[in-house]
Structure formats: C-alpha cells, structure tokens
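Chain by chain, the residues:
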Amino acid sequence: MVKSITTNDLRRMEDQEGLIFQGCGGDPQEWVDGINDLLTEAGILLNGSTFKAENVSIFQHGGLTNMLFPFEGVELAVGKLATWRIQTHGQFGGTWLSDYVPNRLGGFLSEQPAPAKPSMQLLGHDGNIFSIMGRASGLLRAAGLREQAAEMIDRVASCGDYYQALNIIS
C-alpha cells in the first residue's frame, strides 16, 4: 500500500534520492505497477528489482498528486534512468527528489542536534539557591539555551522548596 506523506516529510529526506512523478491521478497501485513495467522494459530496473508499493509515497503539492519512488533497495541502471527521465519529462513530470525539494519546496530541513546541556559542579558553591540559580542560568545562556534559562528561573522562583529548586536546576 502506497503511503501518504507531507511536503515537510520530503524536506526531511536530504540523505535520500528518488524519482518524483508529478500529476499522478487515479489508483496509486496502478502507477507503481506501470512504472515498474516501463522501467523493466527499458532495462532500467535490474535483476528483477522493482519498486515496492510500501516504499513508494504519495503527496500533494501545487494542486497535483505526486509520487516519490525512492531508490533505496532498488537496483537501477542510473544512467539509463537519467536519459529516460529526460525523454519522458513531458509525460510524467519526472524529477529527482534532490532537485524537487530545493526548487519547489524551498530546500531541505536540516535536523540540528540540540545544544548540549552544560554541567555545573555544586560542591564548593554557596548554598544560596539564588546564587546556584544565577550560575546555572549563566551557563545555559552561554550554551545558547536562553529559553531554557528563563524557564528554569521561573520554575525555581515559583517552587517554594529548596530541594525541589535544586532538582529543577539540575
């Protein structure tokens, strides 16, 4: 069964490649079967390899129903596929995933790792909770975690218990 995805899902596929067909009306399974037949006949799908419906995705963009046929797990003659894609572009609107996302969707969304949470030694510090909170807040800000620093200060200021405040800070 072909799965539905969003354009934001496509924008998170920076490390993948595939072929996108634009304007795919009708039954998605018929498209999968038809593309497999065409590419097999053209000598592009090799050694009995086919696109599996469960790996193919369907999405909406620009008023069109489009389909992504990812290359992962499929044995292809890529040079022949490139030529075939150009020759059939007027018929299928075929384009590479790596071209479609930057040119139609504004680019890929890079997954940025969350900044590392800074560590702080409590031993040797004044036991004053406001002193500890100030030091922790400064470390969070220096690590680029301004929102977390503000949230920590609000939570510590409203908790009313020294040990709970230490838990929040840690």
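Residues numbered from 1 in each chain as written. Predicted model: local features only at pLDDT ≥ 70, side-chain atom pairs only at ≥ 80, totals over all residues. Heavy atoms only, no water.

**Student:** What am I meant to see in the side chain of Ser 57 here?
**Tutor:** Structurally, the position occupied by Ser 57 is in strand E3 (residues 57–61). The contact partners of Ser 57, leaving out residues within four places of it in the chain, are Val 2, Lys 3, Ile 5, Asn 66, Met 67 and Leu 68. (Helix = DSSP H or I, 4+ residues; strand = E, 2+ residues; numbered from the N terminus. Contact = heavy atoms within 4.5 Å.)

**Student:** Where do I start with the pairing of strand E4 (residues 64–70) in this structure?
**Tutor:** Across a regular strand the side chains alternate sides, sitting on one face of the sheet and then on the other. In terms of residue burial, E4 counts as a mostly covered element, since 5 of its 7 residues are buried. When strand E2 (residues 18–22) meets E4, the two strands line up antiparallel, connected through 5 bridges. Following the sheet pairing, Leu 19 is matched in E4 by Phe 69. Judged from the 5 bridges that link them, E3 and E4 form a sheet pairing that is antiparallel. Pairing of Phe 59 across the sheet is with Asn 66, part of E4. What sits between E3 and E4 in their antiparallel hairpin is a turn of 2 residues, with Gly 62 showing a positive phi close to 60°. (Buried < 20%, exposed > 50% of the residue type's maximum accessible area, 1.4 Å probe, protein only. Pairing = 2+ DSSP bridges.)

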